[in-house]
Amino acid sequence: SQANFEEDSQKQPAVGHWKPLMPSKGNKEEPETRCQDAGGVDETQSTEQLNVSRLRSSSVEIREKGSEFLKEELHKAQKELKLKDKECERLSKVREQLEQELEELTASLFEEAHKMVREANTKQAASEKQLREARGKIDMLQAEVTALKTLVITSTPSSPNRELHPQLQSPSKAGFRKGHGRNKSTSSAMVSAASQNVTPEPVSRECKEVDSILFAEFQAWKESPTLDKSCSFLDRIYREDVGPCLDFTKQELSELVRVAVEQNTLTIEPVASQTLPMVKVSAEECGGPKKCALSGLPRTCKHRIMLGDSGNYYYISPSCRARITAVCNFFTYIRYIQQGLVRQDVELMYWEVMRLRREMSLAKLGFYPSEM
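Fair warning: this is a prediction, and the values are worked out from it, not measured in the lab. (Residues numbered from 1 in each chain as written. Predicted model: local features only at pLDDT ≥ 70, side-chain atom pairs only at ≥ 80, totals over all residues. Heavy atoms only, no water.)

Participant: Whenever I open this one, the layout of surface pockets confuses me. Can you help?
Facilitator: Over the atoms, a rolled probe matching the size of one water molecule traces out where space is still vacant. Computed from the structure, the largest pocket encloses a volume of approximately 1700 Å³. For the largest pocket, the lining is made up of 42 residues, of which Arg132, Arg135, Glu352, Arg355 and Arg358 are closest to its centre. Contributions of two or more residues to the lining of the largest pocket are made by helix 2 (30–153), helix 9 (318–338) and helix 10 (346–365). It is helix 2 that contributes the most residues to the lining of the largest pocket, 11 residues altogether. Across the lining of the largest pocket, the residue classes break down as 19 nonpolar, 7 polar and 16 charged. (1 Å grid on protein atoms, 1.4 Å probe; cavity = no way out; pocket = protein on both sides within 12 Å on 5 of 7 lines; lining within 4 Å. Points joined across faces, edges and corners; volume = space filled by probe spheres on them. Helix = DSSP H or I, 4+ residues; strand = E, 2+ residues; numbered from the N terminus. Nonpolar A, V, L, I, M, F, W, Y, C, P; charged D, E, K, R; others polar.)

Written as structure tokens, this is what we have:
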């Protein structure tokens, strides 16, 4: 039994001892190759992982730095934008303030200009009114002086004038004299002069009577004054006065003159005060100092006209100037009425319009003052 134990112990290897295995002929190098391949793959994978981790860390750093840079740039841009917004707001406020000041200045200038025009028109209307009143007073005083002269001339010691010596009249006639006797001086002087065959100086006193149709048309126009010639008041005056007064031989130039008068753009100036050179146009169109451009007749022309801003001057005779001036005076007066510058009674305005119409009629017929 002991011998068997020893044999068994010899046959069985000891614990912990590796029994060498002989590889087969076909697979002698296979284990080593596999080990080597496995080691190389692990190293490659670890290298790739390391590279990937490095790339990831570098990309994260780049992103962080890029985001920080972009944030800084965005912050700077926002600051600059805020500054620009503030500057734009300040400039817009300055512009609005300047525009407001400009509007206020323009409005004040226009208001001052209109005020000056209104004052000038008012003063001119007042001056014209005073001139008309003064002329009326002068005419009245001249008539009274003429009547007094007649009374003095017709009263002599041999045949005294009973108007100058009331004590010579009978009591019945003397008692009939009451009130102001100046109004009777002319008639009494005429009677005394007729009795003694003495011819006194004529005293002209015109009588006036309002035409109901013309006055009604003027009142209707006065309620809403306009320069539109379609209304009955101006239509009648255009047909009866303005049209005939501005109807000259040169029809084309006459039409231009009428339009300029209506638009208040016609200028009349003396020939002696001309300083501008003549515009080169035909002599027939402009006329000359010895030829009227409107009538075409040889006349001594002391004035010339310009239509608007054309720069063309036309020589006109005194008769044509009187006709144009009469129409201009009429339009000036009705413009004053339209603008509310005439502060008179309706009847006084009506008689002034009739006087201006009479001037147009007389100028059309060839009557004009010698100073023309």
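Back to the write-up after that little detour.
Participant: I keep staring at the pairing of strand 2 (residues 303–307) and nothing clicks. Help me out?
Facilitator: Each regular strand carries side chains that alternate between the two faces of the sheet. The buried fraction of strand 2 amounts to 5 of the 5 residues, a majority that puts the element mostly inside the structure. Neither face of strand 2 is exposed, since His303, Ile305 and Leu307 on one face and Arg304 and Met306 on the opposite face are all buried. Of the pairings in the sheet, the one linking strand 1 (residues 266–270) to strand 2 comprises 5 bridges and is antiparallel in character. Within strand 2, the residue paired with Leu266 across the bridge is Leu307. Across 4 bridges, strand 2 lies against strand 3 (residues 313–316) in antiparallel orientation. The residue bridging Arg304 from the neighbouring strand is Tyr315, located in strand 3. Counting the residues that bridge the hairpin from strand 2 to strand 3 gives 5 residues, and of these Gly308 lies at a positive phi of roughly 65°. (Buried < 20%, exposed > 50% of the residue type's maximum accessible area, 1.4 Å probe, protein only. Pairing = 2+ DSSP bridges.)

Participant: What is the right way to look at the pattern of salt bridges in this model?
Facilitator: Side chains bearing opposite charge may pair, as long as their charged atoms lie close to each other. Inspection of every chain in the model, using the stated rule, returns 14 salt bridges. Residue Glu89 is joined to Lys93 by a salt bridge in which the shortest nitrogen-to-oxygen separation is 3.8 Å. With Glu89 and Lys93 both in helix 2 and 4 residues apart, the pair spans about one turn of that helix. Judged by relative accessible area, which is 44%, Glu89 ranks as partly exposed. Between Glu262 and Lys229 there is a salt bridge whose closest N-O contact spans 3.9 Å. You can see Glu262 sitting in helix 7 (residues 251–262) and its partner Lys229 sitting in the loop between helix 5 (212–223) and helix 6 (232–245), a full 33 residues away along the chain. The exposure class assigned to Glu262 is partly exposed, which follows from its relative accessible area of 23%. Taken together, the shared-partner salt bridges in this structure form one network comprising Glu217, Arg236, Glu240, Asp241 and Arg357. (Salt bridge = Lys/Arg side-chain N within 4 Å of Asp/Glu carboxyl O.)

Participant: Help me out: how do you make sense of the side chain of Glu217 in this one?
Facilitator: Examined against the element boundaries, Glu217 turns out to sit in helix 5. Within the local environment of Glu217, its side chain forms a polar contact with the side chain of Arg236, the two groups lying 2.9 Å apart. Leave out the neighbours within four places in its chain, and Glu217 touches Ser232, Phe233 and Arg236. (Polar contact = N/O pair within 3.5 Å; in protein donor to acceptor, adjacent residues only side chain to side chain. Contact = heavy atoms within 4.5 Å.)

Participant: Mind showing me how you'd approach the nonpolar core here?
Facilitator: Side chains that are nonpolar tend, in soluble globular proteins, to be buried together. Formed by 47 residues in total, the largest nonpolar core has its most connected members in Val242, Val257, Leu294, Ile324 and Phe330. At 10 residues, helix 9 tops the list of elements feeding residues into this core. Not counting residues within four places of it along the chain, the set of residues in contact with Val242 comprises Ile237, Val327, Phe330, Phe331 and Met360. (Core = buried A, V, L, I, M, F, W, Y, C linked by side-chain atoms within 4.5 Å.)

Participant: In this structure, what is going on with unusual backbone geometry? I would like to understand it.
Facilitator: Note: most peptide bonds trans; most residues except glycine with negative phi. Its identity is not glycine, yet Asn264 carries a phi of approximately 60°, on the positive side. Residue placement: Asn264 occurs in the loop between helix 7 and strand 1. A residue is classified by how much of its surface remains accessible, and Asn264, at 55% relative accessible area, is exposed.

Participant: I would appreciate a short explanation of helix 10 in the present structure.
Facilitator: An α-helical turn contains 3.6 residues, so any two residues separated by three or four positions project in the same direction. Here helix 10 is 20 residues long and its end C-alpha atoms lie 29 Å apart, about the 28 Å a rise of 1.5 Å per residue gives. Taken as a whole, helix 10 has its buried residues at Met349, Tyr350, Glu352, Val353, Met354, Leu356, Arg357, Met360 and Ala363. Here helix 10 starts with a cap whose side-chain oxygen sits 3.2 Å from the backbone nitrogen of Glu347, and that cap is Asp345. Immediately downstream of helix 10, the backbone of Gly366 shows phi near 105°, a positive value. (Expected span 1.5 Å × (residues − 1).)

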